[in-house]
Number of protein chains: 4
Amino acid sequence: MKTHTVQQAVRYAETDRMQVVHHSTFLLWFEIGRTGLLAEIGFPYHALELEGTLFPVVEYTCRITGRTDYGDTVEIETRVSSVRSRSVAFSYTVKKMGMLIATGATTHVAIDRDKKPKRLPDPLLEALRENLEISSGS
Amino acid sequence: MKTHTVQQAVRYAETDRMQVVHHSTFLLWFEIGRTGLLAEIGFPYHALELEGTLFPVVEYTCRITGRTDYGDTVEIETRVSSVRSRSVAFSYTVKKMGMLIATGATTHVAIDRDKKPKRLPDPLLEALRENLEISSGS
Amino acid sequence: MKTHTVQQAVRYAETDRMQVVHHSTFLLWFEIGRTGLLAEIGFPYHALELEGTLFPVVEYTCRITGRTDYGDTVEIETRVSSVRSRSVAFSYTVKKMGMLIATGATTHVAIDRDKKPKRLPDPLLEALRENLEISSGS
Amino acid sequence: MKTHTVQQAVRYAETDRMQVVHHSTFLLWFEIGRTGLLAEIGFPYHALELEGTLFPVVEYTCRITGRTDYGDTVEIETRVSSVRSRSVAFSYTVKKMGMLIATGATTHVAIDRDKKPKRLPDPLLEALRENLEISSGS
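This structure is a prediction, so every number in the text was calculated from the model and none was measured.

Draft legend 1. Highlighting the packing of aromatic side chains. Within the structure shown, the criterion is met by 26 aromatic pairs over all chains. Consider the rings of Phe30 of chain C and Tyr92 of chain C, whose centres lie 4.3 Å apart with planes at 10°: the pair is stacked. One end of the pair, Phe30 of chain C, is in helix α1 (residues 25–40); the other, Tyr92 of chain C, is in strand β4 (residues 87–96), with 62 residues separating them in the sequence. The burial state of Phe30 of chain C is the same as that of Tyr92 of chain C; both residues are buried. The rings of Tyr12 and Tyr70 of chain A together with Tyr45 and Phe55 of chain D are connected pair by pair, giving a single aromatic cluster.

Structure (structure tokens):
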């Protein structure tokens, strides 16, 4: 199992008039985490797209338990939480100075350039399975 | 029960290189629907904030079942799905030419300007309850 | 000469921690105005792209003279300010309750799907010229 | 004179259906460059705001001469181009693998928390002048 970790300084433009980060920003951070993990296991997402495998998000959830604002740096942890032949799911935590401020998850299906569902390429499937959050049992 | 309905033309800036709307855009549309519903029941959100009641999002989910792109107009339906003295939840559907393309939900807690939890003002509580998606009854 | 006018409610997500609209938002409003004008003169931009004419922004300017925040509705006026065989420019004003709060301009070149410069299609050129802000002189 | 340099990986969400970065993204990068420069000369912008000096953007320009897309890393260079007692201007270049892809500029006025114009704090004025792009002459 692999956890990908990346830090991001909160952008001014990511805040809103409540003087915290707008809740949609977590999705952008998850995206940075997820594409960082894919790069780390040898499959940069821009190369996957070039080769004809796209991963649109079909479901997402986020639970925000702390606040973060401009001036903070957050740490995004990403894990592979589920792998199937045609879909993959990631889970995320966002921390500020070690304190959890959000958790989330995204599910993706694989499609080709014509938006038709497809199998994940085998080498990618294998790499994702090797990095699954919870090994498949005993 | 009240359903608030609003139409939005997809903005070019809301698309991404996959030539569909970026998945985070649904949250912006939910926000438009939710604040539209609040205005419709007599509590414009900007007035609520002015009077010291803020509604940060503490949880959200979205399930995307169809695609939408620049050139489309979507219809956002918003409903009040849960009301408590200190929190409220909304549910959403997004349709394109009558076809469902996404569903979602957000949960909010009420805080004051110092970010301390507070009760929803009674008149607002009442108005929200009158518009609850499913009546609380037998 | 044609002025295209469109109204937009300020989105909560468009504000920042300064409790005004983030300055980049004006570009998104200009985009709404510009594509609205193109639609009004018979050339919806999504159709232009489908037919192989893309209009990337190669230059923009914006001067912000007033403030706007969530709760406001702004009025965006768009005019065609320059037309050449391979480029077009638009000018914009943003008003809040009749008061000017920003002016701006964008310049665009025409390219094809392979990102190669091209001439604007003749019917579009003609329509743009008919709507030029300042008639080509006595 | 000081040039502040920072690198940014292009975010997927920053692209649009033209499969390049949306033109408004350059403003977000300028913001990262500008606040990075302020931090580097000892005046982190979030601390300035805390102490009651805000720097809203009152004018901006951007000229885009190259393309950049998801998968690229860009380098943002920021310089102080003008300093007055109540306003400051910055200039920017964005490069991709050493090649210039955009230039830009922003002008800011200093205001207090009540949005009233104010003088820049003297120590900040001094630090900005020491880092002016072009020394004030022979």
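Draft legend 2. Up close: the relation of the copies chain D and chain A. Relative to chain A, chain D is turned by 180° and slid 0.0 Å along the rotation axis, the superposed coordinates differing by an RMSD of 0.0 Å. In symmetry terms, the pair is related by a two-fold rotation axis. Within chain D, the C-alpha atom positioned nearest to the axis of rotation is that of Gln8 of chain D, 5.3 Å from it.

Draft legend 3. Inspection of the sheet that holds strand β4 (residues 87–96) of chain B at higher detail. Here we have 10 strands laid out as an open sheet, ordered β1(A)-β3(A)-β4(A)-β5(A)-β2(A)-β2(B)-β5(B)-β4(B)-β3(B)-β1(B), and antiparallel in their pairing. Every other strand in the sheet has two partners, leaving β1 (4–9) of chain A together with β1 (4–9) of chain B as the edge strands with one partner each. Taken over all neighbouring pairs, the strand axes of this sheet differ in orientation by 20° on average, direction set aside. Two elements, strand β3 (residues 73–83) of chain B and β4 of chain B, share nine bridges in a ladder whose sense is antiparallel. By the bridge assignment for β4 of chain B, Glu75 of chain B is matched with Lys95 of chain B.

Draft legend 4. Seen up close, the relation of the copies chain A and chain B. With an RMSD of 0.0 Å, the operation that places chain A on chain B is a rotation of 180° combined with a shift of 0.0 Å along the axis. Here 100% of the interface residues in chain A have copies in chain B that are interface residues too; the copies meet face to matching face.

Draft legend 5. Looking closely at the pairing of strand β5 (residues 99–109) of chain C. Residue and element names in this part refer to chain C. In terms of strand pairing, strand β2 (residues 57–64) meets β5 through seven bridges, oriented antiparallel. Directly across from Thr61, in β5, lies its bridge partner Ala105. As judged from the 10 bridges shared by β4 and β5, these two strands associate in the antiparallel manner. Bridge pairing links Val88 to His108 in β5. Counting the residues between successive antiparallel strands, the hairpin from β4 to β5 contains two residues, one of them, Met97, with a positive phi of roughly 50°.

Draft legend 6. Structural context of the interface of chain D and chain A. Contacts between the two partners involve 15 residues from chain D, matched on the other side by 15 residues from chain A. For the pairing of chain D and chain A, the buried interface totals around 1,300 Å² over both sides, and the portion due to carbon and sulfur atoms is 53%. Ranking the residues of chain D by area buried against chain A places Arg11, Tyr12 and Tyr70 of chain D at the top, with a combined share of 47%. Linking chain D to chain A there are two salt bridges.

Draft legend 7. Expanded view of the interface of chain A and chain B. On the side of chain B, 27 residues touch chain A, which itself brings 27 residues to the contact. Both sides together, the interface formed by chain A and chain B hides about 2,300 Å², and carbon and sulfur atoms give 56% of it. Per-residue buried area on chain A facing chain B is highest for Met18, His23 and Tyr60 of chain A; these three make up 31% of the total on that side. Residue assignment for the side of chain A that touches chain B shows that the elements contributing at least two residues are α1 (25–40), α2 (45–50) and β2 (57–64) of chain A. Here the side of chain A that touches chain B is composed, by residue class, of 14 nonpolar, five polar and eight charged. With five bridges joining them, β2 of chain A and strand β2 (residues 57–64) of chain B adopt antiparallel strand pairing. Counted as the bridge partner of Glu59 of chain A is Arg63 of chain B from β2 of chain B.

The rules behind each value
- Within each chain, residue numbers correspond to sequence positions counted from 1 in written order.
- Whichever chain is written first becomes A and whichever ligand is written first becomes 1, with later ones labelled in order.
- The predicted origin of the model limits local features to residues at a pLDDT of at least 70 and limits the giving and counting of side-chain atom pairs to 80 or more, whereas totals for whole chains, interfaces and linings rest on all residues.
- Only hydrogens and water are set aside; all other atoms, that is, all heavy atoms of the structure, feed into the side-chain values.
- Centres within 6.5 Å make a pair out of two Phe, Tyr or Trp rings, where for Trp the six-membered ring is used; the pair is then stacked when the planes are under 30 degrees apart, edge-to-face when over 60, and tilted otherwise.
- Only DSSP runs of H or I reaching four residues or more are called helices, and only runs of E reaching two or more are called strands; each is numbered from the N terminus.
- Burial classes: relative accessible area under 20% of the type maximum marks a residue as buried, over 50% as exposed, and values in between as partly exposed (1.4 Å probe, protein chains only).
- The fit set for superposing copies consists of C-alpha atoms from residues with pLDDT of at least 70 in both; the fit itself is least squares.
- Any two strands with at least two DSSP bridges between them are considered paired.
- Every angle, taken between N-to-C directions, lies between 0 and 180 degrees, and every axis is a line fitted to C-alpha atoms, over only the stretch in contact when it is a helix.
- Should any heavy atoms of two residues lie within 4.5 Å, those residues are considered in contact.
- A simple way to read buried area is as the amount of 1.4 Å-probe accessible surface that goes missing from two parts once joined, with both sides added.
- Counted as salt bridges are all cases of a side-chain nitrogen of Lys or Arg within 4 Å of a carboxyl oxygen of Asp or Glu.
- Throughout this entry, Asp, Glu, Lys and Arg are counted as charged residues, while Ala, Val, Leu, Ile, Met, Phe, Trp, Tyr, Cys and Pro are counted as nonpolar. The remaining residues, Gly among them, count as polar.

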